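# Analysis of the macromolecular model
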Amino acid sequence: AVRGALASDWTLSASLVTVTPPLAPTIVSAPSGSIANDSTATVTWSPNHPDGSAQEAAQVKVTYPGGSSTTFGVTTATSWTSSALTTNGTWTVQVRTKGLDPSYGEWSDAISWQVQTPPSVAITQPATDVDAMIDKAFADAVTECKNAQ
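As the structure is a prediction and not an experimental result, all values here were calculated from the model. (Residues numbered from 1 in each chain as written. Predicted model: local features only at pLDDT ≥ 70, side-chain atom pairs only at ≥ 80, totals over all residues. Heavy atoms only, no water.)

## Focus: the side chain of Gln55
Along the chain, the position of Gln55 falls in the loop between strand E5 (42-48) and strand E6 (57-63). Within the structure, the side chain of Gln55 is placed 2.9 Å from the side chain of Trp45, a separation counted as a polar contact. Here Ala77 takes part through its backbone oxygen, which lies 2.7 Å from a polar atom of the side chain of Gln55. (Helix = DSSP H or I, 4+ residues; strand = E, 2+ residues; numbered from the N terminus. Polar contact = N/O pair within 3.5 Å; in protein donor to acceptor, adjacent residues only side chain to side chain.)

This is the structure we're talking about:
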């Protein structure tokens, strides 16, 4: 740099970061389709911080069947696991994060899945008499062999 008769070498200063609110994170894994009643759900996301800062906190908004919602706080983790989901219907999740900027960014796109009670099966046949079933199967096989000749 030159100023009047004075001259000096250039020097490199530290890099400068413009702190900005994060953009909406991307949900990278979540339940899809249907899951069984009484299961847990894990949602994982990728922060989207244009200023390059690390995620310092996140919020996960869960909308329950019926429309009410709760927002859960998460620190530096990039995933959240629910407690057992015991209400059947559509569950929806959105996530937002914050980094160096004190503001939370935009909410992610909503991800939804169904919680359903799995069907139950009651086997009423075959009969409990296994010997009778074996005798009938043997007799049927013998009959089939005779008819084939």
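The discussion continues.
## Details of the environment of Pro119
Relative to the elements of secondary structure, Pro119 occurs in the loop between strand E10 (111-116) and helix H1 (130-148). With 83 residues separating them in the primary sequence, Pro119 and Ala36 have C-alpha atoms 9.6 Å apart.

## Quick word on the sheet that holds strand E3 (residues 23-29)
The strands that make up a sheet are held in pairs by hydrogen bonds between backbone atoms, and each pair lies either parallel or antiparallel. Pairing is antiparallel in the open sheet, where 3 strands are placed in the order E3-E5-E8. Bordering the open sheet on either side are E3 and strand E8 (79-81), each of which pairs with just one other strand. Ignoring strand direction, the axes of neighbouring strands in this sheet form an average angle of 30°. Relative to E5, E3 runs antiparallel, the two being bridged by 4 bridges. Following the sheet pairing, Ser29 is matched in E5 by Thr44. (Pairing = 2+ DSSP bridges. Axes fitted to C-alpha atoms, helices over the stretch in contact; angles between N-to-C directions.)

## As for the packing of aromatic side chains
When we look at a pair of aromatic rings, we describe it by the centre distance and by the angle of the planes. A complete count under the given rule lists 2 aromatic pairs for this structure. Plain terms: the ring middles of Tyr64 and Trp91 are 5.2 Å apart, the flat faces sit at 85° to each other, and that makes the pair edge-to-face. On the criterion of sequence distance, the pair formed by Tyr64 in the loop between E6 and strand E7 (69-74) and Trp91 in strand E9 (residues 89-98) is long-range, its members being 27 residues apart. Overall, the relative accessible area of 22% leaves Tyr64 in the partly exposed class. The ring of Trp107 is capped by Lys61, whose NZ or CZ atom sits 5.1 Å from the centre of that ring. (Phe/Tyr/Trp six-rings, centres within 6.5 Å; stacked < 30°, edge-to-face > 60°. Buried < 20%, exposed > 50% of the residue type's maximum accessible area, 1.4 Å probe, protein only. Lys NZ or Arg CZ within 6 Å of the ring centre and 35° of its normal.)

Take it as geometry only, folks, not as evidence of what the structure does.
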